[in-house]
Amino acid sequence: MSDVAKEISILNPEKWIDSYADYLYSFAYNRVSDEETAKDLVQETFLSALKARDGFKGEASEKTWLVSILKRKIIDLYRKNAAHPQQSFEESEQYKVAYSHYFTELGFIKGEWNKTTAPKPWNVSEKNSIEQKEFKHILAQCLSKLPKVWSSVFALKYLEEEESENICKELEITSSNYWVIIHRAKLQMRECLEKNWIKA
Amino acid sequence: MTSDEKNIAYFSKSMGWNLCCKQATYLLLKQEEKKLSFKEEYALKFHMSFCKLCKAFKRQSEMMNEAINKNLQQIILMPKIEKDNLKALINSNLYNN
């Protein structure tokens, strides 16, 4: 062993709120789009962290450790939503736009873009894309028009470091089911953004 | 078409690797996260060499990813009253155990 002690992080629960509350709150809010839920997630994160603090070995930084606890809580929430969607089966079916809305199913050439729903050029200027407030609003709207299970899958995809294999495991879906959900959700999101954001 | 694209086209056609747009967009999204099989990759390259709509879809999909990721990094301040409540909660947990 070298004389130089490896840097070991220590926990300072007294300073957690001042140091990390805003960061954790933003992290949660950006992923659940609801203030109450975000607040509850942050509270549960701190309480779990307090309970588990004897097991903290100091290998990761305090912040990384807290974020990893919060991430677990968000995944649990997505999983709960996927297993017990507030939507009934019929409702969630209504939210699904059929593949035939996007691609031809009859005729000599199958699976080509339908003229009316094919991607149109997006003339998004730099300024437009920077209008994040507007985008945030429309994004949340478009997400809410997806079946609940799809929006959980879609959201998990963007929770950093979550790989498709893990998402399938977390939500108990097969990998081919995963890609079909991503495909259909993205087609729907693209159309929704084109209608509401690009032309706004 | 560049000569490289011509080769891919010739190769894909001769192997019977023709994709429709539905399959191509599916593979495009898969490719954002995973390495495709050799056959999938070549079939997709061929399709993308001529399909303007799928090219537009690819660009827009990437723009959406970028916008969503940027959106996820926004900092929102937690209301002060919530912070004070949490502080009290942490302190009571710290000193009662």
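Trainee: Mind showing me how you'd approach the overall build of chain A here?
Mentor: Along the backbone of chain A there are 10 helices and zero strands. In chain A, the order of α-helices and β-strands from amino to carboxyl end is α-α-α-α-α-α-α-α-α-α. Sequence-distant contacts in chain A: of pairs separated by 6 or more residues, those separated by 24 or more amount to 66%.

Trainee: Teacher, can you tell me more about the overall build of chain B here?
Mentor: Secondary structure summary: chain B contains five helices and zero strands in total. In sequence order, the secondary structure elements of chain B are arranged as α-α-α-α-α. A buried classification covers 22% of the 97 residues belonging to chain B. Partitioning the intrachain contacts of chain B with sequence separation of at least 6 by distance along the chain shows that 67% fall at a separation of at least 24.

Trainee: For this particular structure, what's the right way to read the domain arrangement of chain A?
Mentor: How big an interface is tends to be expressed through the accessible area that disappears when the partners come together. Residue and element names in this part refer to chain A. Here chain A is partitioned into domain 1 (13-83) and domain 2 (89-198). Here the C-alpha centre of domain 2 lies 28 Å away from the C-alpha centre of domain 1. Listed per partner, the contact involves nine residues of domain 1 and nine residues of domain 2. Broken down by element, the residue count for the side of domain 1 that touches domain 2 peaks at seven residues, all from helix H3 (residues 62-83). Along the lines of polarity and charge, the residues of the side of domain 1 that touches domain 2 split into four nonpolar, two polar and three charged.

Trainee: What's the story with the interface of chain B and chain A in this structure? I'm lost.
Mentor: Taken together, the 35 residues of chain B in the interface contact 40 residues of chain A. Broken down by secondary-structure element, the contributors of at least two residues to the side of chain B that touches chain A are helix H2 (21-33), helix H4 (52-72) and helix H5 (80-95) of chain B. Considering each element in turn, the side of chain B that touches chain A owes the most residues, 13 residues, to H4 of chain B. Here the residues of the side of chain B that touches chain A are counted per class, giving 19 nonpolar, eight polar and eight charged.

Trainee: Just checking my understanding: could you explain the confidence of the model for chain A for this structure?
Mentor: As a general rule, the predicted coordinates of low-pLDDT regions are not to be interpreted in detail. With 88% of its residues at a pLDDT of 70 or more, chain A shows a mean pLDDT of 84. Within chain A, helix H6 (residues 126-130) of chain A has the poorest average pLDDT of any element, 55, and helix H2 (residues 35-51) of chain A the best, 95.

Trainee: Quick question: what am I supposed to make of unusual backbone geometry here?
Mentor: Negative phi characterises most residues that are not glycine, and trans characterises most peptide bonds. Residue and element names in this part refer to chain A. Its identity is not glycine, yet Ser33 carries a phi of approximately 50 degrees, on the positive side. Position of Ser33 among the secondary structure elements: in the loop between helix H1 (16-32) and H2. Here Ser33 falls in the partly exposed class, since 18 other C-beta atoms lie within 10 Å of it. Phi at Glu172 takes a positive value of approximately 55 degrees, unusual for a residue other than glycine. For Glu172, a count of 10 C-beta atoms within 10 Å puts it in the exposed group.

Trainee: Just to check I follow, could you spell out the nonpolar core for this structure?
Mentor: Among soluble globular proteins, nonpolar side chains are generally buried collectively. The biggest cluster of nonpolar side chains holds 40 residues, and the ones touching the most others in it are Ala21, Leu24, Tyr25, Ala28, Val42, Val153 and Ala185 of chain A. Of all the secondary-structure elements, those providing two or more residues to this core are H1, H2, H3, helix H7 (132-144), helix H8 (148-157), helix H9 (164-171) and helix H10 (175-198) of chain A together with H5 of chain B. Element by element, the count of residues in this core is highest for H1 of chain A, at nine residues. Taken domain by domain, the makeup of this core includes at least three residues from each of domain 1 (13-83) and domain 2 (89-198) of chain A. Core analysis: the next-biggest nonpolar cluster, separate from the first, contains 15 residues, Leu187 of chain A together with Cys21, Leu44 and Cys54 of chain B among them.

Trainee: Where do I start with the packing of H1 of chain A against H5 of chain B in this structure?
Mentor: How two helices pack is summed up by the angle between their axes together with the distance between the axes. Viewed as axis vectors pointing N to C, H1 of chain A and H5 of chain B meet at an angle of 130 degrees, and their least axial separation amounts to 11 Å. When the axes of H1 of chain A and H5 of chain B are compared, the pair comes out oblique. Relative to H5 of chain B, H1 of chain A is oriented so that their crossing is right-handed. Residue-level contacts link Trp16, Ile17 and Ala21 of chain A of H1 of chain A to Lys83, Leu86, Lys87 and Ile90 of chain B of H5 of chain B. Tallied by class, residues from the contact of H1 of chain A with H5 of chain B come to five nonpolar, no polar and two charged.

Procedures and definitions
- Residues numbered from 1 in each chain as written.
- Chains lettered and ligands numbered in written order.
- Predicted model: local features only at pLDDT ≥ 70, side-chain atom pairs only at ≥ 80, totals over all residues.
- Helix = DSSP H or I, 4+ residues; strand = E, 2+ residues; numbered from the N terminus.
- Contact = placed C-beta atoms within 7 Å.
- Buried ≥ 20, exposed ≤ 12 C-beta atoms within 10 Å, placed from the backbone.
- Domains from an automatic or database assignment.
- Nonpolar A, V, L, I, M, F, W, Y, C, P; charged D, E, K, R; others polar.
- pLDDT = per-residue confidence, 0-100.
- Core = buried A, V, L, I, M, F, W, Y, C linked by C-beta atoms within 7 Å.
- Axes fitted to C-alpha atoms, helices over the stretch in contact; angles between N-to-C directions.
- Parallel < 35°, antiparallel > 145°, perpendicular 65-115°, else oblique.
- Left-handed = near helix turned anticlockwise from the far one by under 90°.

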